[in-house]
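So you can see what is in the structure, the chains are spelled out below.
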Amino acid sequence: NRMVYGIDMHHGWNSTGYLEESTPDIYKDPIEVYAKGKGWRIIRIDAEPLTNKYLQQQGITILHIRNVHLPYTEKEIAEIEDFVKQGGGLLLQADAPQCRLWAKEVARKFGVIITHDGISDLTVTVSSHHPLMQDVNSFHVSRSGQCDGVGVSSYLSVNTPSQPVLEGGRTEPYRPIIAAAEYG
């Protein structure tokens, strides 16, 4: 079974079409490039409303929500939660203040609080035992491609049912930057 990585382009990052599939990898999100390099199929999602049924029909394995600039409805958030409860994955990034505002409701459903503390323009040392990060030693957070040009990724406060996937920073103790929720 080939893994399918779905990027929500409607609510989030570059829904204007700036980054099409033909865009060189250097301009794409590093996580998308990593997934593509692992042989995952990449699907750009432009669905309104976003539903669990649609994600299932597309065969999405992991839903990537990044740089949210259109808020999710309560119904869409419930659909995302159902998708994850039924075995789907969710990767949520909130890179800048406006993005954090609209992503926080989705994050809260999974026990994650997006803090106001952020990092930018640095390579973080990876401290993770999560299988998604097994081949990753460092991760660069840059100013390019952020939703409002601020270029800040937020640290997270992670609670059940989520767990840290990537922790990092300039110095120890490292703090969560990416988290995952897994049910069942």
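Bear in mind that the values here come from a model prediction, so they are computed numbers and not experimental data.

A closer look at the overall build of the protein chain
For the protein chain, the helix and strand inventory stands at four helices and 10 strands. Secondary structure elements of the protein chain occur, N-terminal to C-terminal, as β-α-β-α-β-α-β-α-β-β-β-β-β-β. Here the protein chain holds 184 residues, and the buried ones make up 49% of them. Look at the contacts in the protein chain between residues 6 or more apart in sequence, and 64% of them connect residues 24 or more apart. Carbon together with sulfur atoms contributes 49% to the accessible area of the protein chain, which is approximately 9,600 Å² in total.

Some details on the pattern of salt bridges
In the structure shown here, the tally under the stated rule is four salt bridges. Across the pair Glu79 and Lys75 runs a salt bridge, and its minimum N-O distance is 2.7 Å. Taken as a pair, Glu79 and Lys75 lie in helix α3 (residues 74–85) at a separation of four residues, close to a single helical turn. The residue Glu81 makes a salt bridge to Lys85 at a minimum N-O spacing of 3.6 Å. Of this pair, Glu81 and Lys85 both sit in helix α3, separated by four residues, roughly a single helical turn. The class for Glu81 is buried, based on a relative accessible area of 15%. Within this structure, Glu81, Lys85 and Lys109 form a network of salt bridges that share partners.

A look at the nonpolar core
In terms of nonpolar packing, the biggest core is built from 26 residues, with Leu63 and Ile65 touching the most fellow members. Residue assignment for this core shows that the elements contributing at least two residues are β2 (41–45), β3 (62–66), α3, β4 (89–93), α4 (97–109), β5 (112–119) and β10 (175–181). Leaving out residues up to four positions away in the same chain, Leu63 has contacts with Gly6, Asp8, Ile45, Leu50, Leu55, Ile80, Phe83, Gly89, Leu90 and Leu91. Met9, Trp40, Leu91 and Leu166 belong to the second largest nonpolar core, which has 15 residues in total.

Section: the packing of aromatic side chains
Aromatic ring pairs: the centre-centre distance and the angle between the two ring planes describe each pair. Tallying each qualifying case throughout the model produces one aromatic pair. With a centroid separation of 6.3 Å and 75° between ring planes, the pair formed by Tyr5 and Trp40 is classed as edge-to-face. With Tyr5 in strand β1 (residues 4–8) and Trp40 in the loop between α1 (30–37) and β2, this residue pair connects regions lying 35 residues apart in the sequence. Judged by its relative accessible area of 15%, Trp40 falls in the buried class.

Concerning the sheet that holds β3
Across the sheet, four strands lie side by side as β2-β1-β3-β4; this open sheet has parallel pairing. One side of each edge strand has no neighbouring strand; the edge strands of this open sheet are β2 and β4. For this sheet, the mean inter-axis angle between neighbouring strands, taken without regard to orientation, is 20°. As paired elements, β3 and β4 share five bridges and run parallel to each other. Counterpart to Ile62 in the pairing with β4 is Gly89.

Some words on the confidence of the model for the protein chain
Confidence along the protein chain averages 75 in pLDDT terms, with 65% of residues attaining 70 or more. The lowest-confidence element of the protein chain is strand β6 (residues 122–125), averaging 62 in pLDDT; the highest-confidence one is helix α2 (residues 52–57), averaging 96. Note that pLDDT drops below 50 for residues 144–151; the model gives that stretch 22 contacts with residues more than four away or on any other chain.

Let's talk about the side chain of Glu76
Among the structural elements, Glu76 can be located in helix α3. Lys75 is the oppositely charged side chain nearest to the buried, salt-bridge-free Glu76, at an N-O distance of 10 Å. Among the polar contacts made by the side chain of Glu76, one reaches the main-chain amide nitrogen of Leu50 at a distance of 2.9 Å.

About the cut-offs
- Residues numbered from 1 in each chain as written.
- Predicted model: local features only at pLDDT ≥ 70, side-chain atom pairs only at ≥ 80, totals over all residues.
- Heavy atoms only, no water.
- Helix = DSSP H or I, 4+ residues; strand = E, 2+ residues; numbered from the N terminus.
- Buried < 20%, exposed > 50% of the residue type's maximum accessible area, 1.4 Å probe, protein only.
- Contact = heavy atoms within 4.5 Å.
- Areas by Shrake-Rupley, 256 points an atom, 1.4 Å probe, with all protein chains shown as cover.
- Salt bridge = Lys/Arg side-chain N within 4 Å of Asp/Glu carboxyl O.
- Core = buried A, V, L, I, M, F, W, Y, C linked by side-chain atoms within 4.5 Å.
- Phe/Tyr/Trp six-rings, centres within 6.5 Å; stacked < 30°, edge-to-face > 60°.
- Pairing = 2+ DSSP bridges.
- Axes fitted to C-alpha atoms, helices over the stretch in contact; angles between N-to-C directions.
- pLDDT = per-residue confidence, 0-100.
- Lys, Arg positive; Asp, Glu negative; His and termini not counted.
- Polar contact = N/O pair within 3.5 Å; in protein donor to acceptor, adjacent residues only side chain to side chain.

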